[in-house]
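Observations on chain architecture
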Amino acid sequence: MGPSGERTGSGRLGTLTALYVTQYLGIGFITIGLTAILRDGGTSLETLALLNIVGLIWPVKFLWAPILDRYGSRRHGHYRSWLLVLQGGLVLSLLALLPFTRPAERLGPVVAICAAYVLLSATQDVAADAVAVRLLSGRTRGTGNGIQVAASYLGNLLGGGACVIVYDRFGWIPAILLLAVLTAVGLVVVWRFREPPRTDRVRTGQAYRALLSTFGQPGCRWWTFVVVPLVYVGAGAAYALVTPALVDAGWTLERVGLVTGVVISVPAILAGLLAGAGIGRFGRSRVLVVGGVTLAVSTVLLLPLLNGHAPLAGTIAALGCFMAAYTILNVVLYTVNMDYSRPGTGGTDFTVLSSFGLICSFVAASVGLAGADRVGYPAVAVAAVALVAAGVVAGLRHQRRFHGRIRPDAGPDDVPAVAVPQKDRTVVA
């Protein structure tokens, strides 16, 4: 790849970075920042729990993902036309929060606006993922997904951390304006983005059939229904233990929030970027093993916390190591999901595969906490490591058997998507 190709690759990754970071800014503010602000204003825990229900919009976005694959502007770019509307909608929905300077007293409209934001953000994610499927080659797919996972932590860090600090010092309006301005950066990036022309079109029925046909690709069912659940349920169950274990060990809520929401996001961001680069250089299997081994080591380091002892430095180190491992595993899973995403239905394919993993994460939290109530934190942690280890072994078997058949090294830098006959697009991403 020559200099112009490198600049093109950098531009693609820069566009995806802006889209993914700005997508999570408001999500981080709603789930972390707004929750703290409302609690500080006297909102009950029961009401705050209801607020989190709006997050359930995210895992069901596959229901309307085929619409984005089916419809789009030829003149302005198929997915770019969606992104212009959706990114603008994100900015407007944040600005709509400006009048509610005392959100605890106007909870109804605030929750409604937040639900609208989550809906727009989830839909923007479908379009952004579809763009990634079209733009990234097999060589850059790991880097792209590393950026996606790291961006989620950075967005949460800015939206749930920095904006809360601004709120605490300067008030509601400056905090919301900061969110809106940062999100508007993504709108500027989309405006300047020139999406490659798309000549392949799918009908509505074809787009919705992709919800199921994606699982017919070689090894996709094994990956989705064996590897993904084992890894996500194991890692998610262990992660669910962290916050209650910290509280049980005597940490204040302020310290818990600072460490889990801000401090350990830094190693997670770095791990996401390094894992993405590592996949391009060493392959999916080796990075999957690194993630599994790191998670096992970090769980051992967490045993003092899980037994009720949580010295600050040692606990932060253990949690940072655990989040790095969790992030590495996420990047590998996302990358293989993108391997299975076809250019014509990239939004649908990647969304349905990722949504299943998200559902597994929700289940894992319940399983982990219920198990800890019965057998204790350490026993659940050991079981979690065993599940992840089984998932890594299953993932290695999958890659040895199906890696060549899903052709992860083919992509837009190697074969233009518009030049591939429809019958050959079954598994090329």
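Everything below is about the structure printed above this text.
Summary of the structure given here. (Residues numbered from 1 in each chain as written. Predicted model: local features only at pLDDT ≥ 70, side-chain atom pairs only at ≥ 80, totals over all residues. Heavy atoms only, no water.)

The next thing to look at is the overall build of the chain. Scanning the chain from N- to C-terminus turns up 17 helices and zero strands. Put simply, the chain has 429 residues, and 53% of those count as buried. A fraction of 84% describes how many contacts in the chain between residues 6 or more apart in sequence connect residues 24 or more apart. Per element, the accessible surface of the chain, about 18200 Å² overall, is 66% carbon and sulfur. (Helix = DSSP H or I, 4+ residues; strand = E, 2+ residues; numbered from the N terminus. Buried < 20%, exposed > 50% of the residue type's maximum accessible area, 1.4 Å probe, protein only. Contact = heavy atoms within 4.5 Å. Areas by Shrake-Rupley, 256 points an atom, 1.4 Å probe, with all protein chains shown as cover.)

A separate point is the pattern of salt bridges. Applying the stated criterion to the full structure yields six salt bridges. With its nearest N and O atoms 3.1 Å apart, the salt bridge here joins Arg134 to Glu195. Here Glu195 lies in the loop between α7 (172-192) and α8 (204-213) and Arg134 lies in helix α5 (residues 107-135), a separation of 61 residues in the sequence. Taking the relative accessible area as the measure of exposure, Arg134 reaches 10% and is therefore buried. (Salt bridge = Lys/Arg side-chain N within 4 Å of Asp/Glu carboxyl O.)

Assignment of secondary structure puts Gln124 in helix α5. The exposure class of Gln124 is buried, given its relative accessible area of 0%. For Gln124, the side chain forms a polar contact with the side chain of Gln23, separated by 2.6 Å. Excluding residues within four positions of it along the chain, Gln124 makes contact with Leu19, Thr22, Gln23, Leu83, Leu86, Gln87 and Leu90. (Polar contact = N/O pair within 3.5 Å; in protein donor to acceptor, adjacent residues only side chain to side chain.)

Our focus in this paragraph is the packing of helix α6 (residues 138-170) against helix α12 (residues 265-282). Where α6 meets α12, the axes come as close as 6 Å, and the angle between the chain directions of the two elements is 170 degrees. When the interaxial angle is binned, α6 and α12 end up roughly antiparallel. Between α6 and α12, the residues in contact are Arg139, Gly142, Thr143, Gly146, Ile147, Ala150, Tyr153, Leu154 and Leu157 and Ser265, Ala268, Ile269, Gly272, Leu273, Gly276, Ala277, Ile279 and Gly280, respectively. Each residue belonging to the contact of α6 with α12 can be placed in one class, and the counts come to ten nonpolar, seven polar and one charged. (Axes fitted to C-alpha atoms, helices over the stretch in contact; angles between N-to-C directions. Parallel < 35°, antiparallel > 145°, perpendicular 65-115°, else oblique. Nonpolar A, V, L, I, M, F, W, Y, C, P; charged D, E, K, R; others polar.)

A cluster of nonpolar residues, Leu92, Leu95, Ile173 and Leu177, forms a patch on the protein surface that exposes about 340 Å² of accessible area. Structurally, Leu92 can be placed in helix α4 (residues 78-95). (Patch = residues over 30% accessible without salt bridge, like charges linked within 9 Å, V, L, I, M, F, W, Y side chains within 5 Å.)

The subject of this paragraph is the packing of helix α9 (residues 220-240) against helix α17 (residues 377-402). The N-to-C vectors of α9 and α17 enclose an angle of 155 degrees; their axes lie 8 Å apart at closest approach. In terms of orientation, α9 and α17 fall into the roughly antiparallel class. At the point where α9 passes α17, the crossing takes the left-handed sense. For the contact of α9 with α17, a count of residues per class yields 18 nonpolar, four polar and two charged. (Left-handed = near helix turned anticlockwise from the far one by under 90°.)

Below, the discussion takes up the packing of aromatic side chains. If you walk through the whole model with that rule in mind, you get ten aromatic pairs. Ring centres of Phe225 and Phe356 lie 5.1 Å apart, and the angle between their planes is 85 degrees; this geometry places the pair in the edge-to-face category. One end of the pair, Phe225, is in helix α9; the other, Phe356, is in helix α16 (residues 346-375), with 131 residues separating them in the sequence. Looking at Phe225, the relative accessible area reads 40%, which means it is partly exposed. Judged by its relative accessible area of 24%, Phe356 is partly exposed. When the centroid spacing of 6.2 Å and the interplanar angle of 70 degrees are considered together, the rings of Phe322 and Tyr326 count as edge-to-face. With Phe322 and Tyr326 both in helix α15 (residues 312-339) and four residues apart, this pair spans about one turn of that helix. Comparing Phe322 with Tyr326, the two get one shared label, buried. Taken together, the ring pairs in this structure connect Phe29, Tyr167 and Trp172 into an aromatic cluster. (Phe/Tyr/Trp six-rings, centres within 6.5 Å; stacked < 30°, edge-to-face > 60°.)

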